[in-house]
Amino acid sequence: MTATGDHPVTPVTVVGGYLGAGKTTLVNHLLRNAAGLRLAVLVNDFGALPIDADLIESQDGDTIAIAGGCVCCSYGSDMTDALRQVLARDPAPDHIVLEASGVALPGVIAASVDLMPGLSTDGVVILADTENLISAAAHPYMGDTITRQLADADLVILNKIDLADPAPSVALIARSAGRAAVVQAKEAAVPPDLILRRYPDAHRSAARHDTAGYATLSLPMVGAIDPQDLAQRLAKLGLLRAKGFVLDAQGARWEVQATAARATASPVSPGGPLGLVLIGLRETWDPDALSAMLSPSGADARSKDTPDTHRETASPPL
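The following paragraphs examine the structure supplied in this document. (Residues numbered from 1 in each chain as written. Predicted model: local features only at pLDDT ≥ 70, side-chain atom pairs only at ≥ 80, totals over all residues. Heavy atoms only, no water.)

**Observations regarding the overall build of the protein chain**
Now for step 1: Regarding its fold elements, the protein chain presents eight helices and 17 strands.
Now for step 2: For the protein chain, the proportion of its 318 residues judged to be buried stands at 52%.
Now for step 3: Counted over contacts in the protein chain with a minimum sequence separation of 6, partners at least 24 positions apart contribute 72%. (Helix = DSSP H or I, 4+ residues; strand = E, 2+ residues; numbered from the N terminus. Buried < 20%, exposed > 50% of the residue type's maximum accessible area, 1.4 Å probe, protein only. Contact = heavy atoms within 4.5 Å.)

**Focus: the side chain of aspartate 122**
Now for step 1: Looking at the element boundaries, aspartate 122 is found in strand β8 (residues 119–129).
Now for step 2: Those residues in contact with aspartate 122, other than ones at most four positions away along the chain, are Pro11, Val12, Thr13, His95, Ile195, Arg197, Arg241 and Gln257.

**Concerning unusual backbone geometry**
Now for step 1: The omega torsion across aspartate 90 and proline 91 is 5°, close enough to zero to call that bond cis.
Now for step 2: With a phi angle near 55°, alanine 188 is a residue other than glycine that sits in the positive phi range.
Now for step 3: Mapped onto the elements, alanine 188 comes out in the loop between β10 (181–184) and β11 (207–211).

**What to know about the pairing of strand β13 (residues 241–247)**
Now for step 1: Counting buried positions along β13 gives six out of seven residues, so the element sits mostly inside the fold.
Now for step 2: Relative to strand β16 (residues 275–281), β13 is paired through five bridges, and the arrangement is antiparallel. Paired with glycine 244 across the bridge in β16 is leucine 276.
Now for step 3: In this sheet, strand β14 (residues 253–258) lies alongside β13 in antiparallel orientation, the contact comprising six bridges. Among the inter-strand pairings, glycine 244 is bridged to a residue of β14, identified as valine 256.
Now for step 4: Between β13 and β14, which pair antiparallel in sequence order, lie five residues; one of them, glycine 251, sits at a positive phi of approximately 85°. (Pairing = 2+ DSSP bridges.)

**A closer look at the environment of valine 183**
Now for step 1: Residue placement: valine 183 occurs in strand β10.
Now for step 2: In this structure, the C-alpha to C-alpha distance between valine 183 and isoleucine 157, residues 26 residues apart in sequence, is 5.1 Å.
Now for step 3: Those residues in contact with valine 183 that sit more than four places away from it in its chain are Leu155, Val156, Ile157, Leu158, Val190, Leu194, Tyr214 and Leu240.

**So, the pattern of salt bridges**
Now for step 1: What the rule picks out here adds up to seven salt bridges.
Now for step 2: The partner of aspartate 94 in a salt bridge is arginine 38, and the shortest N-O contact between them spans 3.3 Å. You can see aspartate 94 sitting in the loop between α2 (79–87) and β7 (95–99) and its partner arginine 38 sitting in the loop between α1 (23–32) and β3 (39–43), a full 56 residues away along the chain.
Now for step 3: Overall, the relative accessible area of 16% leaves aspartate 94 in the buried class.
Now for step 4: Using a relative accessible area of 29% as the deciding quantity, one classes arginine 38 as partly exposed.
Now for step 5: As a salt-bridge pair, arginine 241 and aspartate 122 come within 2.5 Å of each other at their nearest N and O atoms. One end of the pair, arginine 241, is in strand β13; the other, aspartate 122, is in strand β8, and 119 residues separate them in sequence. Judged on exposure class, the residue arginine 241 and its partner aspartate 122 are both buried.
Now for step 6: Here the residues in one salt-bridge network are Arg32, Asp52 and Asp54, joined through shared partners. (Salt bridge = Lys/Arg side-chain N within 4 Å of Asp/Glu carboxyl O.)

**Brief notes about the environment of valine 71**
Now for step 1: Assignment of secondary structure puts valine 71 in strand β6 (residues 70–74).
Now for step 2: Residue classification places valine 71 among the buried positions, given a relative accessible area of 6%.
Now for step 3: When the C-alpha positions of valine 71 and valine 41 are compared, they lie 6.2 Å apart, and in sequence the two are 30 residues distant.
Now for step 4: When neighbours within four sequence positions are excluded, valine 71 is seen to be in contact with Leu39, Ala40, Val41, Thr63, Ile64, Ile66 and Arg89.

This is how it looks when you write it as structure tokens:
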């Protein structure tokens, strides 16, 4: 949770994609890798998105308590009321993941979220099924929905790449999803930090971590910088995601977020860490160039290799 002035703002990630694309698998993956973050997951109904049984601590009506302080709620036809109820929980969630139905348009949902006090859309994530995307997009009834879902995306997870050649799907996504970042995955196993607003200790030291096909770089940002300009520059660097906190020339603290399709800079409460966390694909990764381009004057942005204690897996816990 961040704050603009004295008003807390909870980030909301909208997860969409057609039926069978892997939304259930992704949500369970996020819950398993929340790492202390209090997640609230909102779903249309529990039957459509079953939570792994070993994660459930208890169930009361339309609410499931998840191990680690997370919660899953069913919103049925009244999403707005469910969001209000989740915000009223004590303690409040750090991040909300809202799973859209397979035929919904996530961009419409995101626009509704942004109208609610205390909430802000952190991104729209679309799951696409490598095995069926091409045929589904050409279907006379469902095709328009699928391409419109892709057009809403900030991040597309091309899932199930072990079941079919991903190249045709990559080409279709490039045509439909504009500037959205695209990652390929098996069983929706992507770094949770691509989706959740979570900040490692970027202010302590510059560090780079390389795990599986992804790489991260944490940079201290101890000097003054124009946050709006920084956000726009980050969005042009081809990163999967960038996020962090910086100070402007007046000493005010800002939160900066960027993907290939979205860049935001918002004033937040003073105090707390400063620094940037950058996430990208290892095959196109140049941490030294990124450090040089993004470090404000006077910042010690020298990168040093640090031991990577994470296992080389398909879902590295960044």
